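Descriptive analysis of the structure
Below, each chain spelled out in residue letters.
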Amino acid sequence: MSTSTRSRRHTVFGLAVLAGLVLGALLGFIAKQAEVSWLATTLSRIGEIFVSLVQFTVIPLVFTAIVVGITSLRRLGGPRTAAQLGGRTLLWFAITSLIAVLIGIAVASIGNIGSGVQVTPSEDAVANIAERNPGDWWAFIQSIVPTNVFSAFSEGNILQVVFIALLVGGAAYALGDRASVFVNFNQSAFDIIQKVLGWIIWLAPVGVLGLLGNAFASYGNEFWAPLVSLIVAVYLGSALVLFVVYPVLLRFVGKINPLTFFRKSWPALQFAFVSQSSGATLPLSRQAAVNLGVPRGYASFAVPLGTTTKMDGCAAVFPAATTIFIANLNGIALSFGDYVLIVLVAVFGSLATAGTTGWFTMLTLTLAAVNLPAEVIATGVATVFAINPVLDMMRTATNVAGQITVPILVARSTGTLDETALHAPTDLPLIDEDPEDSADAPAEESRKDKEPVGA
């Protein structure tokens, strides 16, 4: 497929998503104001079906991607090289999380969000939140290790799936050629899931219409108005990370033009915004990293790992701003020590954001860390829950941008960034391209993956 044709498809897709956002908000507003129950129900069903379609691909996608990604590191060098790449990746994950949480704290504190706000969630909402298991460090650590391999997959516990994938991928890496059949199977499975997800991606305009429409139909302006300060804080903090921090790092550390980064990663960021799922965006994110010069083998490792551990939106900006909002909402003053705890939780607890309910775990971990009363936590989270779909859009786009940025920084620092791929005048393909579009990919991958890693 030619670049011009692909570019036109991306433009049409982007406009369709924008139209879905606007139309969804309008229909949701009409359903709420005119009390059109059938319209509200229809919007809800559309959103639910789209989320279900996206989520059923996440577990097998993450597992196969991590297994294939770990074994791909063999082509970049020996165990020492793999350890070097993994260490630098985790270090940059922590550095950018630290910057993001500081921005979240600064934006929320300067805006003094939540002060003077009067909002009372329904008793049912508070009771529902109170019944959910809050974030707990020991329970979280214990939950990572599965008691049953099959239940981890059947119950959709993504943290346990990641743990299993890391073990299995490491074992396959150690076995080398003896595990080639298993690795090839996982590669084929990943390609199949990627193809299915490519079809689902084209439903994004309809999906966002239902998701946003349902949010407006469910809560309306009377509930959203008091929470505008939190929405603005999360969007502003995430935007500063996405459009200021990452571009600065890309320019001065990655030595690439930020405009090139956004041009090639925009379809991934756009789908992340719509789908609210880093896992579902993984194929697009990985391809964006490759198109930006990251070796395919390393991208296959770093980007899947980032889908569960690199969450600057969900694990840094959002819990920092929301904790300050909830504290101010209840007239509770946070101390300097509380802010330090918020930072530490963001930097070391990002793994807790894995999965569709990760934001809840990360937020309750942070609220518990600053020792807010249980009733305040339940009421505060119930209040925020109402606007979570809107917040999650920007959070997820920021997450995905970080998952693409860090591999670029590491590839540049190790001397493996492919300048030819970086400067190639191609757009990121949507992942349901025709097979002939990537017919030469294996040969190209082989040439790139044999390049040595620099010091």
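Treat the numbers as computed from the prediction; the structure is a model and nothing was measured. Residue positions are counted from 1 within each chain, in the order its sequence is given. Note on the predicted model: pLDDT of at least 70 is required for a residue's local features to be given, and 80 or more for side-chain atom pairs to be given and counted; whole-chain, interface and lining totals, by contrast, use all residues. The side-chain values count all of the structure's non-hydrogen atoms but skip hydrogen atoms and water molecules.

1. Re the overall build of the protein chain
Applied cut-off: Numbering of helices and strands starts at the N terminus; helices are DSSP runs of H or I of at least 4 residues and strands are runs of E of at least 2. The cut-offs for exposure are 20% and 50% of the maximum accessible area for each residue type, with area from a 1.4 Å probe on protein chains only; residues under the lower value are buried, those over the upper are exposed, and the others partly exposed. By the convention used here, residues are in contact when the closest approach between their heavy atoms is within 4.5 Å. Accessible areas in this description were obtained via Shrake-Rupley with a 1.4 Å probe; residue shielding takes into account the shown protein chains only.
Regarding its fold elements, the protein chain presents 21 helices and 0 strands. The buried share of the protein chain, reckoned over its 455 residues, is 56%. In the protein chain, the proportion of contacts linking residues at least 24 apart, taken out of those at least 6 apart, comes to 85%. Looking at the protein chain as shown, the accessible area adds up to about 18900 Å², and 65% of this sits on carbon and sulfur atoms.

2. With respect to the nonpolar core
Heads up, the rule is: Residues belong to a common nonpolar core when they are buried Ala, Val, Leu, Ile, Met, Phe, Trp, Tyr or Cys residues joined through side-chain atoms within 4.5 Å.
Counting residues in each nonpolar core, the largest one holds 119 residues, and the members touching the most others are Leu230, Tyr298, Ile404 and Ile408. Looking at which element gives the most residues to this core, the answer is helix H19 (residues 388-413), with 12 residues. Once you skip the residues sitting within four places of it in the chain, Leu230 turns out to touch Ile113, Ala321, Thr322, Phe325, Val384, Ile387 and Leu391.

3. A closer look at the pattern of salt bridges
Just so we agree on the cut-off: Salt bridges are defined as contacts in which a side-chain nitrogen from Lys or Arg sits within 4 Å of a carboxyl oxygen from Asp or Glu.
Enumeration over the complete set of coordinates arrives at 4 salt bridges. As a salt-bridge pair, Arg45 and Glu48 come within 3.7 Å of each other at their nearest N and O atoms. Within this pair, Arg45 and its partner Glu48 are both found in helix H2 (residues 37-55), separated by 3 residues, close to a single helical turn. Between Lys310 and Asp312 there is a salt bridge, and its shortest N-O distance comes to 2.7 Å.

4. Topic: the confidence of the model for the protein chain
Low-confidence regions, as indicated by low pLDDT, have predicted coordinates that should not be scrutinised in detail. The following threshold applies: Every residue gets a pLDDT, meaning the predictor's confidence in that residue, from 0 to 100.
On average, residues of the protein chain carry a pLDDT of 82, and 82% of them reach 70 or more. Across the protein chain, the element-wise mean pLDDT spans from 40 in helix H21 (residues 441-449) up to 95 in helix H11 (residues 228-252).

5. Observations concerning the packing of aromatic side chains
Defined as follows: A pair of Phe, Tyr and Trp rings is counted when the ring centres sit within 6.5 Å of each other, with Trp represented by its six-membered ring. The angle between the planes then sorts it: under 30 degrees is stacked, over 60 is edge-to-face, the rest tilted.
Per the stated rule, a full pass over the model turns up 3 aromatic pairs. Seen from their ring centres, Phe63 and Phe153 are 5.4 Å apart, and the 75 degrees between their planes marks the pair as edge-to-face. In this pair, Phe63 sits in helix H3 (residues 58-72) while Phe153 sits in helix H7 (residues 149-154), placing the two residues 90 residues apart along the sequence. Plain terms: the ring middles of Phe261 and Phe262 are 5.2 Å apart, the flat faces sit at 75 degrees to each other, and that makes the pair edge-to-face. Neither residue differs from the other here; Phe261 and Phe262 are each classed as buried. One aromatic cluster is present, formed by Phe243, Phe261 and Phe262 through successive ring pairs.

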